[in-house]
Amino acid sequence: MAAPSEKPSWYRRLYLRVESLSSTPHALGAMMLVSVVDASVFPIPPFALLVPMVLAQPRKWVRYALLGTVASLLGGFIGYYLGVLVHQGALSALNINLDARIERFGINATVGELLGQNFWVLALLCSVLPTPFKIVAIGSGMVSVPLERFFLAALIGRSARFFAVSGVMRFFGPTARKWLRV
């Protein structure tokens, strides 16, 4: 007698639903919408749509990667400004002082300056790695990473991620899906 199958988690069901959009006429619009919302608040990466779309139409891989990158950057700006709002509201409500000065170990800067100066490197890494981009975007706004540094990190990182995933799918096909774990 077979054991009863477990119901998939809400996250898995949502992921499968988003992935099923890839076979509809609205796939490109859905991927761009998911890219925008993923960069700010959505828990499903746009690659759930991108991968099957490239597998179905490999010649459009550059177009899909480019449009996904642009949409993700737009969502990143939304996330960044959400972070700015959190910084302005929550930090003051919780009485967190990012202007506290650190003068030890040869460091002479405020906590906010230290985070803002170095967070963009983390933003770059997390834009490429399979981490939630929304955390990077919101976090960059929260710690006042200069907008141009955030944009540069996001542009490099998200372009690399979208073009790498699309290119691998284009040139290595369905077998590459296992390597990317998307």
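The following refers to the structure shown. Sequence order sets the numbering: in each chain, residues are counted from 1 along the sequence as written. Two thresholds apply to this predicted model, a pLDDT of at least 70 for residue-level local features and 80 or more for giving and counting side-chain atom pairs, whereas whole-chain, interface and lining totals are computed over all residues. Side-chain metrics rest on all non-hydrogen atoms present in the structure, leaving aside hydrogens and water.

**What to know about a nonpolar patch on the surface**
Phase 1: A patch consists of residues exposed above 30% relative accessible area that lack any salt bridge, with like charges linked at up to 9 Å and nonpolar side chains (Val, Leu, Ile, Met, Phe, Trp, Tyr) linked at up to 5 Å. Here, Shrake-Rupley sampling with a 1.4 Å probe gives the accessible areas, and only protein chains in the shown set may cover a residue. Within this document, salt bridges are pairs made up of a side-chain nitrogen of Lys or Arg and a carboxyl oxygen of Asp or Glu, the two lying within 4 Å of each other. On the surface, a cluster of nonpolar side chains totalling about 440 Å² of accessible area is made up of Val41, Leu74, Ile78, Leu82 and Leu85.
Phase 2: Tracing the backbone through its elements, the reader meets Leu82 in helix α4 (residues 61–93). Helix and strand assignments come from DSSP, with helices taken as H or I runs of at least 4 residues and strands as E runs of at least 2, each series counted from the N terminus.

**Section: the nonpolar core**
Phase 1: As used in this record, nonpolar core signifies buried Ala, Val, Leu, Ile, Met, Phe, Trp, Tyr and Cys residues forming a set joined through side-chain atoms within 4.5 Å. Buried means the residue's accessible area, taken with a 1.4 Å probe over protein chains only, is under 20% of the maximum for its type, while exposed means over 50%, and partly exposed covers the values in between. Counting residues in each nonpolar core, the largest one holds 22 residues, and the members touching the most others are Met31, Leu49, Leu50, Met53 and Tyr64.
Phase 2: Those elements giving two or more residues to this core turn out to be α1 (10–20), α2 (27–38), α3 (47–56), α4 and α7 (147–172).
Phase 3: When residues in this core are grouped by element, the largest group, 7 residues, is from α3.
Phase 4: Throughout, a contact is declared for two residues whenever any of their heavy atoms are within 4.5 Å. Those residues in contact with Met53 that lie beyond four places of it in its chain are Ser22, Ala27, Leu28, Met31 and Tyr64.

**Some remarks on the packing of aromatic side chains**
Phase 1: Side-chain rings of Phe, Tyr and Trp, where Trp is taken by its six-membered ring, are said to pair if the distance between their centres is within 6.5 Å; with planes under 30 degrees apart they count as stacked, over 60 as edge-to-face, and otherwise as tilted. Taken as a whole and judged by the stated rule, the model has 8 aromatic pairs.
Phase 2: Look at Phe47 and Phe162: their rings are 4.8 Å apart centre to centre, the planes differ by 45°, and that puts the pair in the tilted class. Of this pair, Phe47 sits in helix α3 while Phe162 is found in helix α7, placing the two residues 115 residues apart along the sequence. With respect to burial, Phe47 and Phe162 carry one shared label: buried.
Phase 3: Seen in terms of ring centroids, Tyr80 and Tyr81 are 5.3 Å apart; in terms of plane orientation they differ by 80°. Their pairing is edge-to-face.
Phase 4: Given a relative accessible area of 7%, Tyr80 falls into the buried group.
Phase 5: Assessed through its relative accessible area of 43%, Tyr81 is described here as partly exposed.
Phase 6: The rings of Phe77, Tyr80, Tyr81, Phe133, Phe150 and Phe151 are connected pair by pair, giving a single aromatic cluster.
Phase 7: Both a distance and an angle decide whether a charge sits over a ring: NZ of Lys or CZ of Arg must be within 6 Å of the ring centre and within 35 degrees of the ring normal. Over the aromatic face of Phe133 sits the side chain of Arg158, whose NZ or CZ is 4.5 Å from the ring centroid.

**As for the pattern of salt bridges**
Phase 1: By the definition in use, this model includes 2 salt bridges.
Phase 2: The salt bridge partner of Asp38 is Lys134, with a shortest N-O separation of 3.3 Å. With Asp38 in helix α2 and Lys134 in helix α6 (residues 133–142), this residue pair connects regions lying 96 residues apart in the sequence. As far as burial versus exposure is concerned, Asp38 and Lys134 are alike and both buried.

**Considerations on the side chain of Ser40**
Phase 1: With respect to the helices, strands and loops of the structure, Ser40 is situated in the loop between α2 and α3.
Phase 2: Here Ser40 falls in the buried class, since its relative accessible area comes to 6%.
Phase 3: In contact with Ser40, other than residues within four places in its own chain, are Gly75, Ile78, Gly79, Leu82, Lys134 and Ile138.

**Concerning the environment of Val18**
Phase 1: Residue placement: Val18 occurs in helix α1.
Phase 2: Linking Val18 and Met31, residues 13 residues apart in sequence, is a C-alpha distance of 8.8 Å.

**A few points about α7**
Phase 1: With 26 residues, α7 ought to run about 38 Å at 1.5 Å a step, and its terminal C-alpha atoms sit 36 Å apart, in line with that.
Phase 2: For α7, the complete set of buried residues consists of Phe150, Ala153, Ala154, Gly157, Arg158, Arg161, Phe162, Val165, Ser166, Gly167 and Met169.
Phase 3: Taken from the residues just after α7, Gly173 is the one with a positive phi, measuring 65°. Multiplying one less than the number of residues by 1.5 Å gives the expected span of a helix.

**Section: the packing of α3 against α7**
Phase 1: Interaxial angle, 0 to 180 degrees, is taken between N-to-C directions of lines fitted to C-alpha atoms, where a helix line uses only the stretch in contact. Following both chains from N to C, one finds α3 and α7 inclined at 35°, their axes separated by 8 Å at the closest point. Of the two elements, α3 crosses α7, and the hand of that crossing is right-handed. Taken together, the residues of α7 that come into contact with α3 (itself represented by Phe47, Leu50, Val51, Val54 and Leu55) are Arg158, Arg161, Phe162, Val165, Ser166, Met169 and Arg170. Two helices crossing with the near one rotated counterclockwise from the far one by less than a right angle form a left-handed crossing, whereas a clockwise rotation gives a right-handed crossing.

That is the geometry; function is a separate question.
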